[in-house]
Amino acid sequence: MSAPVFQLSGVSKSYNSVPALASCNLTIPAQRTTVLIGESGSGKSTLLRMMLGLVRPDDGRVLFQGSQLSDDNILALRRRMGYGIQGGGLFPHLTAAENVCLMAKYLRWPRSKIDAQLSELVQLTQFPMEGLAHYPSELSGGQAQRVSLMRALMLGPEVILLDEPLGALDPVTRFELQSELKRVFNKVGKTVVMVTHDMGEAAFFGHRLVILRHGRILQEGTIEELINAPADPYITRFIQAQRSPLDALRAADP
Amino acid sequence: MKIAYLAVLTGWTTAYGAMRVEVGSKAFTESVILGELLTQTLVAAGVPTEHRRQLGGTKILWAALLNGEIDVYPEYTGTIAQELFSGAGLRGDEAIRQALAARGVKMTASLGFNNTYAIGMRAEVAERLGIVRISDLTSHPELKIGFSNEFTDRNDGWPLLRDRYQLPQRDVRGIDHDLAYRALESGAIQVMDLYSTDAEIRYYRLRVLEDDRHVFPEYNAVALYREDLGRRWPDAVAAISRLEGRIRPEEMIALNARVKLDRVQESRAASEFLSQKLGIHGAGTEETVVDRLWRNLREHLFLVTVSLIAAIAVALPLGVLCARFPRLGQVVLGAVGVIQTIPSLALLVFLIPLLGIGARPSIVALFLYSLLPIVGNTASGLRNIAIEVRESAEALGLPRGARLQLIELPMASPSILAGIKTSAVINVGTATLGALIGAGGFGQPILTGIRLNDVPLILQGAVPAAALALVVQGLFEVAERVLVPRGLRLRPSSQ
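Quick notes on the rules
Counting from 1, residues in each chain are numbered in the order their sequence is written. Chain labels run from A onward and ligand labels from 1 onward, assigned in the order the entries are written. With the structure being a predicted model, the display of local features is reserved for residues of pLDDT at least 70 and the display and counting of side-chain atom pairs for 80 or more, all residues being used for whole-chain, interface and lining totals. Hydrogen atoms and water are omitted, and side-chain values are computed over all heavy atoms in the structure. Salt bridges are counted wherever a side-chain nitrogen of Lys or Arg sits within 4 Å of a carboxyl oxygen of Asp or Glu. Every helix listed is a DSSP run of H or I at least four residues long, and every strand listed is a run of E at least two residues long, numbered separately from the N terminus. Three exposure classes are used, based on accessible area relative to the maximum for each residue type with a 1.4 Å probe and protein chains only: buried under 20%, partly exposed in between, and exposed over 50%. Here the rule is simple: two strands pair whenever DSSP picks up at least two bridges between them. For a crossover, the right-handed case is the one in which the path from the first strand over the helix to the second runs clockwise, viewed with the strands pointing away from the viewer. A contact between two residues is defined here by any heavy atoms of the two lying within 4.5 Å. Note on terms: buried area is the combined drop in 1.4 Å-probe accessible area of two parts once they are placed together, counting the loss on both. Identification of polar contacts relies on pairs of N or O atoms within 3.5 Å, with a donor-acceptor requirement for protein atoms, meaning one able to donate a hydrogen and the other able to accept it, and with residues adjacent in sequence counted only if both atoms are side-chain atoms. When residues are grouped by polarity, Ala, Val, Leu, Ile, Met, Phe, Trp, Tyr, Cys and Pro land in nonpolar, Asp, Glu, Lys and Arg in charged, and all others, Gly among them, in polar. Only the contacting stretch of a helix is used when fitting its axis, a line to C-alpha atoms as for every element, and angles between N-to-C directions run 0 to 180 degrees. Oblique is the label for any angle not covered by the other classes, which are roughly parallel (under 35 degrees), roughly antiparallel (over 145) and roughly perpendicular (65 to 115). Whether a crossing is left-handed or right-handed is set by the direction in which the near helix is turned from the far one by less than a right angle, anticlockwise for left-handed and clockwise for right-handed.

Details of the pattern of salt bridges
Applying the stated criterion to the full structure yields 39 salt bridges over all chains. Of the charged contacts in the structure, one is a salt bridge between A:Arg183 and A:Glu180, with a shortest N-O distance of 3.9 Å. One end of the pair, A:Arg183, and the other, A:Glu180, are both in helix α6 (residues 171-188), 3 residues apart, so they sit about a helical turn from each other. B:Asp228 is paired through a salt bridge with B:Arg232; the nearest N and O atoms lie 3.5 Å apart. Here B:Asp228 falls in the buried class, since its relative accessible area comes to 17%.

This is how it looks when you write it as structure tokens:
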């Protein structure tokens with residue numbers, strides 16, 4: 001087994017003396033999808049943003065590929081990570097293609113290399129070619145999410161960090177994009193860390209699930225482990241807090 | 001930094017000023033005519049001379065003379081004794097000369113007439129009420145009085161008059177001298193202050209009340225000039241002296257009437273007088289309307305452009321700092337907000353001791369007024385960028401400078417441009433006040449038009465200034481189309 005991608009040890013964070021994370025230890029293994037799951041305010045987003053250095057821990061340390069995040073190396077390290085966020089976080093004044101290629105252009109990649117990478121990503125995400133010239137305000141939610149994913153993948157990152165990537169989508173688009181996203185993850189074989197509050201989505205994507213509550217990690221493991229050996233009654237409650245439209249059918253059927 | 005900047009400006013002034021003689025004049029017709037007489041006499045003597053006309057009141061001219069902004073200006077002995085050296089109790093020309101010498105200033109002999117303050121009423125009203133002397137006013141407390149602001153405030157004006165004559169009138173208001181004639185004509189006021197050489201005395205058929213207690217001191221017209229003038233321009237002092245004793249009171253009234261009633265330009269009235277009286281020919285230059293409009297436009301654009309560019313250069317980085325450090329932002333926005341509340345005329349007067357007269361203090365004032373809209377709009381434009389967009393840029397590994405340049409400033413550009421547009425349009429309007437301190441621009445015909453009650457002349461300044469504001473507004477709308485990224489101009493899709 002290869003070395004872990006992230007190692008967070010004893011990280012804490014408070015906002016105006018309200019604790020958001022309390023002394024968490026977490027290891028993100030390579031080439032697996034780890035899902036951080038919990039209700040709003042559980043600290044899952046803070047944990048993800050800490051891996052990007054967007055949030056600086058009050059205590060503890062964050063290692064990426066063995067290097068501790070610091071002011072000196074953060075820019076270089078971020079370029080080895082891909083980040084996507086709910087709604088896409090696209091730059092509204094740039095076209096889809098400009099959004100995707102911004103960083104490569106900034107790093108002065110040769111034109112041919114940029115074009116090759118872009119067309120590969122368009123194929124991978126099945127983004128319509130003509131949509132590349134469109135501005136974010138002209139894209140549908142699903143298309144914006146694909147652009148966001150392409151942007152995250154452009155530099156060939158070692159890890160993809162996604163914060164509720166499908167959060168703002170309607171259910172059908174979301175359902176379809178979940179399958180596509182999983183297909184892309186399998187194809188590129190990268191380490192993925194994803195934040196979601198949806199247990200179904202977490203079970204669908206995650207090799208490993210990390211459940212957080214009130215800024216603490218309650219348990220981490222496979223979905224089977226969480227179901228069969230919950231460390232806390234809350235975990236069972238959280239897993240079962242799902243409703244299927246089929247429930248209604250079953251209830252009506254004697 | 002600021003001090004170095006001022007030092008450079010001051011050095012520039014000194015070097016620039018040495019190339020010619022600067023004549024100043026106050027913002028009333030007789031002073032402008034006298035300034036023109038001095039200028040043309042100097043030019044005729046081969047001294048390169050510039051007339052900086054209608055520069056406001058006594059304090060501004062005196063400060064400008066001491067600063068070396070101007071070299072010569074026409075003044076009155078009464079004003080020197082009562083206003084410039086108030087409290088010193090100067091009596092007689094010799095005492096005045098000594099006081100002036102201590103400040104490095106010299107004075108010519110009288111130019112030939114005494115333009116003292118006087119109190120006037122319409123002849124028929126005075127006749128009806130039986131008023132001949134100022135002391136007769138004590139028995140008519142109901143009379144409404146309109147005095148020029150300067151007369152109301154200065155020590156040798158209304159306060160002295162009221163005390164000596166024990167005048168009972170309570171309805172005393174400040175009013176522009178040239179408007180006071182029309183207020184008198186319409187009956188809004190019955191008593192006003194006059195200058196004894198005013199052209200209007202005859203025109204409006206006024207009675208000048210006898211100063212029976214001899215309150216008003218002598219106001220002999222003289223020229224004040226800097227001691228160093230003779231060293232820098234040996235011919236200049238002799239040229240100025242040629243005017244000593246040459247202008248009789250009735251000639252001054254006629255000159256004033258030529259300009260105010262016959263609508264002849266001061267330069268022409270002065271050159272007519274000089275050729276008839278002193279045999280000096282061809283020194284006066286007359287400007288056509290088109291020439292003047294063109295000059296005013298260039299002056300106006302100069303003021304607006306320089307101040308706006310400087311304001312953008314300072315306010316944009318300030319706005320960025322305000323957005324990044326909200327605490328500092330509150331302080332900065334508070335400070336530029338306070339600047340905005342200073343009345344423009346007051347700000348101009350504050351700036352004169354630092355920067356002298358002319359374009360520089362005007363540009364600095366316009367610069368200061370331009371800061372708030374640009375700083376405010378830059379800061380709010382940056383602050384309104386959604387957090388997920390800002391963090392997406394950060395997460396890409398873009399350094400701070402690149403994020404600002406590639407993401408944040410383009411996204412804030414509609415707001416920033418709107419701020420610059422606001423500043424530019426306000427600037428075009430405010431720049432008209434620059435004429436009060438010799439910066440020229442479209443304010444100059446407005447000021448002269450008000451002084452001469454010449455509505456077409458006022459319009460020659462007001463209409464182009466308004467048109468210029470519209471043009472500036474239009475240019476910015478074009479600029480928005482070019483500068484604001486297309487993606488920000490699209491309507492958000494409803495998809």
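So, next bit.
Notes on the pairing of strand β7 (residues 159-163) of chain A
Residue and element names in this part refer to chain A. Along β7, 5 of the 5 residues are buried, which leaves the element largely enclosed by surrounding structure. In β7, alternate side chains face the same way, and those of Val159, Leu161 and Asp163 on one face and Ile160 and Leu162 on the other are all buried. Where strand β6 (residues 81-85) lies against β7, 5 bridges are found, and the strand directions are parallel. Following the sheet pairing, Met81 is matched in β7 by Val159. One ladder, built from 5 bridges, connects β7 with strand β8 (residues 191-196); its direction is parallel. Paired with Ile160 across the bridge in β8 is Val192. In this fold, the crossover linking β7 to β8 by way of α6 has right-handed handedness.

Considerations on the interface of chain B and chain A
Contacts between chain B and chain A engage 25 residues on the former and 24 residues on the latter. Taken together, both faces of the contact between chain B and chain A bury some 2200 Å²; the carbon and sulfur share is 65%. Per-residue buried area on chain B facing chain A is highest for B:Glu391, B:Ala395 and B:Leu396; these three make up 26% of the total on that side. One can count 3 salt bridges joining chain B with chain A. Viewed at the interface, chain A and chain B are joined by 6 residue pairs in polar contact (both at pLDDT 80 or more). When residues of the side of chain B that touches chain A are traced back to their parent elements, those giving at least two are α19 (387-395), α20 (400-430) and α23 (486-489) of chain B. Among the elements that take part in the side of chain B that touches chain A, α19(B) stands out by supplying 7 residues, more than any other. The class makeup of the residues in the side of chain B that touches chain A is 15 nonpolar, 5 polar and 5 charged.

Considering the packing of helix α15 (residues 289-324) of chain B against α20(B)
Residue and element names in this part refer to chain B. Packing of α15 against α20 brings their axes to within 10 Å, and their N-to-C directions diverge by 140°. Between α15 and α20, the angle is such that the two are oblique. The handedness of the crossing between α15 and α20 comes out as right-handed. Residue-level inspection shows His300, Val304, Ser307, Leu308, Ile312, Leu316, Val320 and Arg324 of α15 in contact with α20, the latter providing Arg400, Leu404, Leu409, Ile416, Ile420, Ser423, Ala424, Asn427 and Val428.

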